[in-house]
Amino acid sequence: MKHRECEQQLKAWFKETEDATWKGPGDIKTEYPSASILEDNRVVFNIKGNKYRLVVKINYSYKIVWIRFIGTHSDYDKIDATKI
């Protein structure tokens, strides 16, 4: 697996997200101050000391989080996180 080095951090993020009760972007910023809040309910999380980026889209009302992208910081620089 190409990105195995971030597997444990992603599993930890997944567990924290399962248990989260986020009602809006402010709740995410409280828990993850380095997260970037984008338009259309998208959030970029820094993984493994910002070596990797995780882009999600969130429906706060239904408590659904869709993973839109996981990749290295350089891979992230090649996408448009507002559209992916």
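A brief structural summary. Owing to the predicted nature of the structure, the values given are computational and were not obtained by experimental measurement.

Reading the values: rules and limits
- Residues numbered from 1 in each chain as written.
- Predicted model: local features only at pLDDT ≥ 70, side-chain atom pairs only at ≥ 80, totals over all residues.
- Heavy atoms only, no water.
- Pairing = 2+ DSSP bridges.
- Helix = DSSP H or I, 4+ residues; strand = E, 2+ residues; numbered from the N terminus.
- Expected span 1.5 Å × (residues − 1).
- Buried < 20%, exposed > 50% of the residue type's maximum accessible area, 1.4 Å probe, protein only.
- Arc of directions from axis to C-beta.
- Core = buried A, V, L, I, M, F, W, Y, C linked by side-chain atoms within 4.5 Å.
- Phe/Tyr/Trp six-rings, centres within 6.5 Å; stacked < 30°, edge-to-face > 60°.
- Lys NZ or Arg CZ within 6 Å of the ring centre and 35° of its normal.

This paragraph deals with the pairing of strand S4 (residues 64-72). Pairing analysis gives eight bridges linking strand S3 (residues 52-59) to S4, with the strands arranged antiparallel. Note on S4: the bridge partner recorded for Leu54 is Ile70. The antiparallel hairpin formed by S3 and S4 contains four residues in its connecting segment, where Lys63 sits at a positive phi of about 55°.

Turning next to helix H1 (residues 7-19). Here H1 spans 19 Å end to end across 13 residues, near enough to the 18 Å set by a 1.5 Å rise per residue. For H1, every residue scored as buried is listed here: Leu10, Trp13 and Thr17. What you see down the axis of H1 is that its buried residues fit within an arc of 60°, all on one side. Relative to its buried face, H1 has exposed residues pointing more than 90 degrees away, namely Gln8 and Glu18.

Next up on the list: the nonpolar core. Counting 15 residues, the largest nonpolar core has Ile28, Val43 and Phe45 as the members making the most contacts within it. Put simply, the parts of the chain that give this core at least two residues each are H1, strand S2 (42-47) and S3. The leading source of residues in this core is S3, at four residues. Counting five residues, the second-largest nonpolar core is a separate cluster that includes Val44, Val55, Tyr76 and Ala81.

Moving on, we get to the packing of aromatic side chains. Between two aromatic rings, the relevant description is the distance of the centres plus the angle of the planes. For the coordinates displayed, the defined rule picks out five aromatic pairs. Ring centres of Phe69 and Tyr76 lie 6.4 Å apart, and the angle between their planes is 55°; this geometry places the pair in the tilted category. Across this residue pair, the class does not change: Phe69 and Tyr76 are buried. By the ring-pair criterion, three or more aromatic residues cluster together here, those being Trp13, Trp22, Tyr32 and Phe45. Above the face of the Tyr76 ring, Arg53 is positioned so that its terminal group lies 4.6 Å from the ring centre.

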